[in-house]
Amino acid sequence: MAINRRNFLKVAGAAGGILLAGGARSTWSAQTPQAPEGSVEFYGLLIDTTKCIGCRACEEACNAQNSLPKPEVSFSSEGVFEKKRETTPDAYIVVNRFPNEKDPEKPVFARRQCMHCTEPSCASACLCKAMEKMPEGPTVYHKDRCMGCRYCMISCPFDIPKFEYNSASPFVKKCIGCPDRVAKGEQTACAEACPEGATLFGKRRDLIEEAKKRIYQSPDRYYPHIYGEREVGGTGYMYLSAVPFEKIGFRTDLGTKHYPELTSGFLSAVPLVDILWPAVLFGFNYLISDKGEEGGKENHHEE
Amino acid sequence: MKSNVTPMPISGTPAAPDTGTLKGFLRFLWQELKPRGKLLTPFNVITGIIILGGIILIGIRLVKGLGAVTNLSQEYPWGIWIGFDVVTGVAFAGGAYILTFAVHILKIKKYEPIVRATVLNGFLAYVFYSGALLLDLGRPWNVVNPIIGNAFGYGSVLFLVAWHFLLYTLCLFVEVSPAIAEWLKWVKARRIIQKMTTATVILGVTLSTLHQAGLGGLFLTAPSKIHPLWYSSNIPVLFFISSMFAGFSLIIIESMFTHKIFSDRLDASHRASHDKILLGLAKGSASVMAAYLFLKVIDLTHGHQLGLLLTPMGLWYLVEVAGFTLLPLVLYVVAIRRQSVRLVQITAFFTAFGVVLNRMNISVIAFKWYEAVRYYPSWMEIWVTLAVISMELWVFQWVINRMPILGAHPDFKTEEETLNNLDGAEVVRWKVSAS
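Computed from a prediction, not measured in an experiment: that's the story for all the values here. (Residues numbered from 1 in each chain as written. Chains lettered and ligands numbered in written order. Predicted model: local features only at pLDDT ≥ 70, side-chain atom pairs only at ≥ 80, totals over all residues.)

Next up on the list: the overall build of chain A. A tally of regular secondary structure across chain A gives nine helices and nine strands. The proportion of buried residues among the 303 residues of chain A is 45%. Within chain A, contacts between residues at least 6 apart in sequence are counted, and of these 64% link residues at least 24 apart. (Helix = DSSP H or I, 4+ residues; strand = E, 2+ residues; numbered from the N terminus. Buried ≥ 20, exposed ≤ 12 C-beta atoms within 10 Å, placed from the backbone. Contact = placed C-beta atoms within 7 Å.)

Right under this line is the structure:
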């Protein structure tokens with residue numbers, strides 16, 4: 001699916017390239033990211049923050065799944081909630097606690113990890129395909145390819161890839177979406193570990209239906225928005241919340257455009273410039289050159 | 001060595017170096033590698049210390065990782081090694097493509113005397129900045145991955161930048177090589193290279209266009225992180241245009257220094273035409289800056305960002321755009337009307353500073369301007385940057401003192417003459433050494 005879309009992008013880019021950088025606004029951004037019949041469907045997660053109790057079982061399962069170093073503070077400690085955490089090279093999931101304006105007694109817990117975008121910015125930014133979108137949904141990292149330029153970190157709208165700054169042979173680290181498990185049809189380690197069903201694994205299309213159903217059925221419980229349904233063109237991991245998403249640490253100003261689209265106009269102009277520019281320059285050169293003309297010592301064009 | 005035979009200063013070289021054979025070549029190289037003139041000049045001592053310190057810091061970086069010497073963080077993955085060394089440095093190397101375009105494509109002969117120095121500058125800039133880039137890469141040994149093709153990330157702007165960077169550096173090498181061939185007295189090689197000039201220049205201009213624009217294009221993927229006053233879908237075009245006046249201003253600045261320091265290496269025609277050249281460069285710079293500012297205004301009004309101008313970041317934006325782009329433009333125009341070379345030179349500094357501000361703003365200062373803890377470079381990052389610049393200056397100095405950079409005419413016709421003279425000189429020297 002990802003590959004089909006990307007190939008389509010190339011073709012659309014080449015065709016749209018005639019419009020050059022500014023004008024190449026492809027029409028496909030209007031499509032919702034859903035699979036056509038017969039192709040592999042994206043899997044994803046629906047994270048219902050209204051169900052999350054902040055037990056951090058997902059963090060622990062992730063730590064084991066990816067053989068990450070044991071943290072200094074145990075997974076049962078609540079001390080970590082004192083301040084907002086970001087993912088680190090050693091923690092691909094972090095659960096944060098936010099005050100709940102609806103019900104001060106019941107704080108909101110929201111986990112943070114790679115969103116597994118439908119069209120990931122990191123994968124399109126990577127010049128050696130170290131970041132790659134699998135047809136099943138996970139955005140994986142090929143560490144043998146990575147050169148450590150950290151452009152994925154610049155490009156990720158969610159600031160998820162993390163870099164091992166204190167290593168002489170560093171890697172970029174982030175949630176890779178349990179590709180081995182997903183390929184076998186199993187759910188991700190974090191979804192499996194969740195005791196409350198706050199993290200639900202499934203086909204992205206089904207998850208959106210489920211999310212909509214929950215919002216329709218309990219309008220008081222949910223803020224009427226599925227975060228990730230359309231953000232940055234859609235993400236594989238999506239969220240439900242009781243409160244507006246900016247209140248629980250989400251950026252709501254990212255737009256609904258696929259991130260690769262930001263550069264596709266420019267990139268589609270590249271082959272044109274590479275072909276047309278030399279032709280024009282040769283033309284100029286030929287035009288001005290007096291080779292073969294009589295005399296050949298005439299005044300040249302000066303400004 | 002009788003200089004009426006050869007118009008090029010190839011002084012200092014031993015008579016008739018036999019560079020055709022490997023042994024002779026190595027002997028010649030060994031002779032040339034030895035330092036010349038006073039060693040313990042203040043410049044050499046200061047830059048020497050900086051380079052030594054830089055090498056130590058680079059060692060620490062390689063052993064302990066980037067975190068040991070840089071202030072880079074998970075929030076700020078790119079610091080001044082990218083923002084200044086690469087993104088800013090490459091803009092200033094733009095003089096090479098714009099000047100080769102003027103001289104070899106448009107055949108504006110006026111600028112011939114400064115082509116070689118500018119191209120050399122561009123070439124060294126590229127070599128040293130790509131060196132600096134390797135320091136910043138976490139896994140530099142994988143830098144060949146997008147080149148040898150085990151993982152082509154076609155969809156990446158960085159892929160485009162990397163390829164154009166590499167190919168353009170090769171082009172610059174070809175453009176510099178006539179001077180190298182003359183230095184080595186490789187007449188045949190010189191002739192072959194000369195035939196490649198036009199094609200190389202055309203390729204070089206093309207690659208530069210996309211490479212300069214591509215560096216800006218890198219930041220297109222960070223719309224939510226770059227301050228809206230600086231983020232624009234026009235960044236590639238803006239980078240390309242500003243690389244022209246960055247190039248112009250650096251040529252003017254660089255010529256100020258070379259004229260002072262290497263005055264003995266200058267030939268008469270270079271000296272005579274210098275004022276005219278500088279005023280011409282000022283004209284070029286002013287027109288490009290006008291176009292750039294026009295685009296900037298369009299961006300500002302189309303994005304409905306006028307209200308942002310009164311915020312602190314907005315004032316900072318005005319410092320860059322009004323203070324160091326618009327003002328230099330006005331100064332250039334005044335300088336051109338008054339025919340004041342002095343004012344052109346002063347303005348070039350303003351212009352260059354404006355370009356530095358612009359590149360630093362986009363890559364570092366206006367990048368995640370909202371974060372509570374901001375990135376600022378560590379002293380070690382600054383030191384290594386200075387060391388890279390110092391090394392470049394050393395090589396520049398070494399080349400200028402040995403190769404015909406400031407005193408040659410890379411024009412087809414005079415080149416032919418030079419070659420003939422070179423042949424003549426060879427004969428004379430051969431005779432001298434034979435007798």
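Our focus in this paragraph is the overall build of chain B. Scanning chain B for helices and strands turns up 14 helices and zero strands. Ordered by position from N to C terminus, the α and β elements of chain B give α-α-α-α-α-α-α-α-α-α-α-α-α-α. Excluding contacts between residues fewer than 6 apart, the proportion of contacts in chain B whose partners are at least 24 apart in sequence is 81%.

On the chain A side, the residues contacting the 49 residues of chain B number 53 residues. Those elements giving two or more residues to the side of chain B that touches chain A turn out to be helix H2 (42–64), helix H6 (145–148), helix H7 (157–184) and helix H8 (187–217) of chain B. Here the residues of the side of chain B that touches chain A are counted per class, giving 27 nonpolar, 17 polar and five charged. (Nonpolar A, V, L, I, M, F, W, Y, C, P; charged D, E, K, R; others polar.)

By the secondary structure assignment, B:Leu158 is in helix H7. Linking B:Leu158 and B:Ile226, residues 68 residues apart in sequence, is a C-alpha distance of 18 Å. In contact with B:Leu158, other than residues within four places in its own chain, are A:Ala125, A:Leu127, A:Cys149, A:Tyr151 and B:Leu218.

Turning our eyes to something else, we now look at the environment of B:Ala352. All names here are of chain B. Structurally, Ala352 can be placed in helix H12 (residues 341–365). The spatial distance from the C-alpha of Ala352 to the C-alpha of Tyr231 is 21 Å, given a sequence separation of 121 residues. Ignoring any residue separated from it by four or fewer positions in sequence, one finds Ala352 in contact with Ala246, Ser249, Leu250 and Ile253.

Moving on, we get to the packing of helix H5 (residues 112–136) of chain B against helix H9 (residues 235–261) of chain B. Residues and elements named next belong to chain B. Close contact between H5 and H9 brings their axes to 11 Å; oriented N to C, the two are set at 105°. Classified by the angle between their axes, H5 and H9 sit roughly perpendicular to one another. Two secondary-structure elements touch here, H5 through Ile114, Ala117, Thr118 and Asn121 and H9 through Ile251, Glu254, Ser255 and Thr258. Across the contact of H5 with H9, the residue classes tally to three nonpolar, four polar and one charged. (Axes fitted to C-alpha atoms, helices over the stretch in contact; angles between N-to-C directions. Parallel < 35°, antiparallel > 145°, perpendicular 65-115°, else oblique.)

We now examine unusual backbone geometry. Residues and elements named next belong to chain A. Phi is positive for His116, which is not a glycine, with a value near 50°. If you trace the backbone, His116 turns up in the loop between strand S3 (108–112) and helix H4 (121–125). Of note, the phi angle at Lys129 is positive, near 55°, even though the residue is not glycine. Mapped onto the fold, Lys129 is located in the loop between H4 and strand S4 (131–133).

A few words on the nonpolar core. Ranked by internal contacts, the top residues of the largest apolar core, which has 193 residues, are A:Cys126, A:Cys152, A:Met238, B:Leu99 and B:Leu158. The biggest single contributor to this core is H7(B), with 15 residues. Sequence-distant contacts of B:Leu99, defined by excluding residues within four places in its chain, comprise B:Tyr111, B:Ile114, B:Val115, B:Thr118 and B:Ile251. (Core = buried A, V, L, I, M, F, W, Y, C linked by C-beta atoms within 7 Å.)

Another aspect to go through is helix H3 (residues 80–92) of chain B. The first and last C-alpha atoms of H3(B) sit only 15 Å apart over 13 residues, clearly below the 18 Å expected at 1.5 Å per residue. H3(B) sits mainly inside the fold: 13 of its 13 residues count as buried. (Expected span 1.5 Å × (residues − 1).)

On to the sheet that holds strand S8 (residues 199–203) of chain A. Hydrogen bonds between backbone atoms are what pair the strands of a sheet, whose relative direction is either parallel or antiparallel. Residue and element names in this part refer to chain A. What the three strands build is an open sheet, ordered S8-S1-S9; its pairing is mixed. In this open sheet, the two edge strands, each paired with only one partner strand, are S8 and strand S9 (237–240). Going across the sheet, the axis of each strand differs from the next one's by a mean of 25°, ignoring polarity. Taken together, the five bridges between strand S1 (residues 43–48) and S8 define a ladder with antiparallel strand orientation. (Pairing = 2+ DSSP bridges.)

Let us look at the packing of H7(B) against H8(B). All names here are of chain B. Viewed as axis vectors pointing N to C, H7 and H8 meet at an angle of 150°, and their least axial separation amounts to 7 Å. Viewed along their axes, H7 and H8 adopt a mutual orientation that is roughly antiparallel. The hand of the H7/H8 crossing is left-handed. (Left-handed = near helix turned anticlockwise from the far one by under 90°.)

Here the focus is the confidence of the model for chain A. All names here are of chain A. For chain A, per-residue confidence averages 84 on the pLDDT scale, and 82% of positions sit at 70 or higher. Low pLDDT, under 50, characterises residues 6–33; the predicted model gives this stretch 37 contacts beyond four residues in sequence or across chains. Across residues 294–303, confidence stays below pLDDT 50; counting only partners more than four residues off in sequence or on other chains, it has twelve contacts. (pLDDT = per-residue confidence, 0-100.)

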